[in-house]
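# A structural walkthrough
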Amino acid sequence: MRIEFDERKCVAAGQCGMAAPDVFDQRDVDGVAIVLDREPGPEHHDAVRDAAAVCPAAAIRLVQA
């Protein structure tokens, strides 16, 4: 799985960081999400799918590798 993230769409809701804290974080300055691992291991896939599903701006796209 590879994560594609559109920073311009991000509304800094923080839902991704709550759903998958090992993969997403937020910038202190403006709260925009940061992808910590663009190709997370299988142990994170369910959480990353949840993060993409709850993103209110649809800024996270998952690509199967």
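Provided above is the structure to which this section pertains.
Here's what I pulled together on the structure shown here.

What counts and what doesn't
Residues numbered from 1 in each chain as written. Predicted model: local features only at pLDDT ≥ 70, side-chain atom pairs only at ≥ 80, totals over all residues. Heavy atoms only, no water. Helix = DSSP H or I, 4+ residues; strand = E, 2+ residues; numbered from the N terminus. Rg over C-alpha atoms; globule rule 2.2 N^0.38 Å. Buried < 20%, exposed > 50% of the residue type's maximum accessible area, 1.4 Å probe, protein only. Contact = heavy atoms within 4.5 Å.

Bringing the overall build of the protein chain into the picture now. A count of helical and extended segments in the protein chain gives 2 helices and 4 strands. Put simply, the protein chain runs from its N terminus to its C terminus through helices and strands in the order β-α-β-β-α-β. Whereas a compact globule of 65 residues would reach a radius of gyration of roughly 11 Å, the protein chain reaches 10 Å, a difference of no more than 12%. With the C-alpha coordinates aligned to their principal axes, the bounding extent of the protein chain is approximately 30 × 20 × 15 Å. Taken across its 65 residues, the protein chain has 40% of its residues classed as buried. Intrachain contacts of the protein chain at a sequence separation of at least 6 include 59% that bridge at least 24 residues.

Let us now look at the environment of Ala33. For Ala33, the location among the structural elements is in strand β3 (residues 33-35). Here the alpha-carbon distance between Ala33 and Cys10, two residues 23 residues apart in the chain, equals 6.9 Å. With residues up to four places along the chain from it excluded, the contact list for Ala33 reads Phe5, Cys10, Cys16, Asp25 and Gln26.

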